[in-house]
Each structure stands twice: as C-alpha cells, then as structure tokens.
Amino acid sequence: MSPHSRKALSVGDRISVTIEKIAHGGHFIARHEGAVIFVRHAIPDEVCTIEITSVGTSFNRADVISVESTSSDRVSAPCRYAHRQGCGGCDFQHIRPARQRELKSDVITEQFARIAKMEIDIEVEEVSAPLHWRTRYAATTDAQSRIGFKSLGSNRVIPIDSCPILVPEIDLATLPHDRLKASSRVEVAISTQGERVIGISDSRNSRQDKNPPVSIIEGTSPLRYDVSSAEGNFQYQVSSDSFWQGNINAPAALVDAVMEYAQVEEGDHLLDLYGGVGLFAGAAIETLGPTGRIDIVEGARSATSDARANFEKFKNVHIHTGDVAKEAKKFDSADVILLDPPRTGAGAGVIESITQLGARAIVYIACDPAALARDTGYLRDAGYHLEAIRAFDIFPMTHHVESVALYTPSEVS
C-alpha cells in the first residue's frame, strides 16, 4: 500500500491489531494498513484493541485497551498502578518474568544485527527476584505533598502508597510523610547495613538545575555498601549524589562478570573509564597488587570525591575528575580498559582514543543495547573484536537490561 492511499491515523483512534515483535525501548510493533505502530503493554502474537496516543510520519504510538487473543505469557500485574494511565516506572509487569528476559535477549540480538551487522546468541541472566529488589530511588511529591512517581512521558505525579519493586525498608509507606514538602524530588537509599537516607530538593528547580541543593531529612550521607564477590570483599562510600546500582544484587553480579572478562594480573595498569565511586577498581585492587596501577576517570565530582575516600589507603589508585573523552587522550598505554558509560554510550571519540593504548582487553558495561551495538562497530573498525558477551536482568519488570562485553585485539603483532 502506498503512503498516499494509506488511511491516516489520528490520536484517539481505536483499532484491532496483531502484535508482531518487541522493539527497543519497551514497545511492541504492530501494523495497520501499512502504518507502523509502537504499542505499550502488549506481548508478541496477541490480538489487541489499541488506542493511538501519538502520530508521526514514520511511526505512531499506542496503548493496549483490551486483549482479544491473550498470550500464555500474560499475567496479572503485581502492582495496581502498573497500567497505561498509571505509574511510568514498570512497563513489563504484565509479562511473566522468564518471558521478560527472553524478550530482552531478542532486543539485544536485534540491535546487534541491525546496527553492528553481527549475529550473536545471548541469554539474559536472572540477578534477583522480580520484586523487592530496588535499594535506591527518586520519587516526586505533587502540589498537595502526596508522594508518587510520574506517569510515562509526563510530569503528572501518580500518588502511590506502596511500590512492590522497592525493598520493604524503603517503601513509600515507611517515609516521614509529614516532613515532605509539595513539588519536591525525594531521593531515598538504603545501605547494606540497613542505614537509610532521605533527601529532598525542589523539583521545579531541577528542570533548570541538574543538581539542585538537597536537604537531608533522615539519616546521613554518604552510605556504606559492602560488596562480596569472587574477588573478595570491599566497602564503598557512596554519597547521595553519586551513582550506585539500584538492584540489591547487581554490584556483586556485575563485578564477577567484569573481573571474569578482564582477567587482570599482578602489575597491570587498569584504566577505569566512567569509573564512578570505584566499584570495579575495588574488586581489582588486590589482584593488581602494589606494583599495579589503577586510573579512575569520572565526570561527576561527587563520585570522584567518594572514590578518593574509598581508595585513600592505596597509593597506586589515581582519581581523575573530568570529561572522559578529553581525559582518555592523556594516557599512553593500558593493559586492561573498563568502560561503564551512561546510556548514550562511549561514542566514536572515546573508542578512537582507547583503542590506541594497546590494551589486551576492553570490557564494556552497557545499559543500552543500541549504544553498545554502535560502539561495537567502532571497536571493530579500530581493530578490536567482540570476544564474549553476557546480559543481566538487573531491572526486572522493566524493559531495561545491562550487558557486559569483552573485546580483544583482532590481530596480535
């Protein structure tokens, strides 16, 4: 059907479609008279009535209104706020957990085939129970001081009394509601010792200021996190403004995977880019020994401040605060390189810099399959091939997935 003969869709239209496959970003693909539609809250092979929520020249968006032919993978969402007009935090609660992981595998496979032009076989590994895994979160209060989470693609706050994703000790019902102010961002975290901290800031200011002043109303910052892995035990200081994995089991799972791939040796020079508070450096430091060296490069000052505290006893750990793309150019060599960039990925500039350092291994930790596939292409063009890859379901009930990939030189001179 030509674009000229296709009937135009309008916001609010309700139509029946058959769901095809999952798309990157947690949507599912359907087609109607030649038009491509990204559908939320669906499952492949279902026949659904959907409502168009936005229209565009290349694709449209829609929500499931009802399901006429139901997948055997569909379950009742454990949270009463998990629906198309509810909280925007979880988009997979209607899918049984094992099938969620299969769909995430499909997304990674498709992104590598489409972007990197590579065929890979990957299984997303379970890391935690599907509920009660989150130890850090940010919520928002509305104009009436009711706390909740925003609906998808909106600033509208959905008041919530309990979230089954959170560990019970920091569930919304346990917060001091009488101390919460209207229109505030509320940040909550709990340590491995059970100490929790609650900070609030003006959510209206956060739109202009990415780091608005935070007032601590309970507990103290920083918190302490113990991570036990195959490499041993290490305690980390993590301030409220510093990044730390939210899944209770994620730090140990990722450390084990990264160290398995990195295979650091005594005396190595480890370059830890986007190193944060030093999660992976802490796991590697004992193996490297006093003759080894670690350089942690991180842009967030809060994180590098924590890293300096975490490694103050180690003279061979050097902390650099600055833009990774600029800082990476200052190094002449490295034996092993770790990359843990934000969702946008490392990018061509960083890849070009690090592939000139002669590392025998580059280990890439990625939270976006598309960015990882793109950067895999850059690495391949620069002489590093994908040796191995694993993926982890550290965000159950959502479409998000974490990957760890190992790259080694394509040719050894």
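Our structure's up above, just so we're on the same page.
Treat the numbers as computed from the prediction; the structure is a model and nothing was measured.

**Topic: the overall build of the chain**
Phase 1 of the analysis: When helices and strands are tallied, the chain shows seven helices and 21 strands.
Phase 2 of the analysis: For 413 residues, the compact-globule formula gives about 22 Å, and the C-alpha radius of gyration of the chain, at 23 Å, lands near that figure.
Phase 3 of the analysis: Expressed as lengths along the three principal axes of its C-alpha atoms, the size of the chain is roughly 65 × 60 × 40 Å.
Phase 4 of the analysis: Classification of the 413 residues of the chain by burial places 54% in the buried group.
Phase 5 of the analysis: At a minimum sequence separation of 6, the contacts of the chain that also span at least 24 residues come to 61%.
Phase 6 of the analysis: Surface exposure of the chain reaches about 18,800 Å², of which carbon and sulfur atoms provide 47%.

**Quick notes on the packing of helix 2 (residues 250-262) against helix 3 (residues 279-288)**
For any two helices packed against each other, one specifies the inter-axial angle together with the distance between the axes.
Phase 1 of the analysis: Direction vectors running N to C along helix 2 and helix 3 enclose 55 degrees, while the axes themselves pass 10 Å from each other. The orientation of helix 2 relative to helix 3 falls into the category oblique. Considering how the two elements wind past one another, helix 2 and helix 3 form a crossing that is right-handed. Where helix 2 approaches helix 3, its residues Pro-251, Leu-254, Val-255, Val-258 and Met-259 are matched on the opposing element by Leu-279, Phe-280, Ala-283 and Ala-284.
Phase 2 of the analysis: In terms of residue class, the contact of helix 2 with helix 3 is built from nine nonpolar, no polar and no charged.

**As for the sheet that holds strand 7 (residues 136-141)**
Phase 1 of the analysis: If you walk across this open sheet you meet the six strands as 9-8-7-10-11-12, and the pairing is antiparallel. Every other strand in the sheet has two partners, leaving strand 9 (157-159) and strand 12 (215-218) as the edge strands with one partner each. Adjacent strand axes in the sheet meet at a mean angle of 40 degrees, parallel and antiparallel pairs treated alike.
Phase 2 of the analysis: Two strands pair when backbone bridges link them, and strand 11 (residues 196-202) and strand 12 are joined in this way by three bridges, in the antiparallel orientation. Paired with Ile-198 across the strands is Glu-218, a residue of strand 12.

What counts and what doesn't
Residues numbered from 1 in each chain as written. Predicted model: local features only at pLDDT ≥ 70, side-chain atom pairs only at ≥ 80, totals over all residues. Heavy atoms only, no water. Helix = DSSP H or I, 4+ residues; strand = E, 2+ residues; numbered from the N terminus. Rg over C-alpha atoms; globule rule 2.2 N^0.38 Å. Buried < 20%, exposed > 50% of the residue type's maximum accessible area, 1.4 Å probe, protein only. Contact = heavy atoms within 4.5 Å. Areas by Shrake-Rupley, 256 points an atom, 1.4 Å probe, with all protein chains shown as cover. Axes fitted to C-alpha atoms, helices over the stretch in contact; angles between N-to-C directions. Parallel < 35°, antiparallel > 145°, perpendicular 65-115°, else oblique. Left-handed = near helix turned anticlockwise from the far one by under 90°. Nonpolar A, V, L, I, M, F, W, Y, C, P; charged D, E, K, R; others polar. Pairing = 2+ DSSP bridges.

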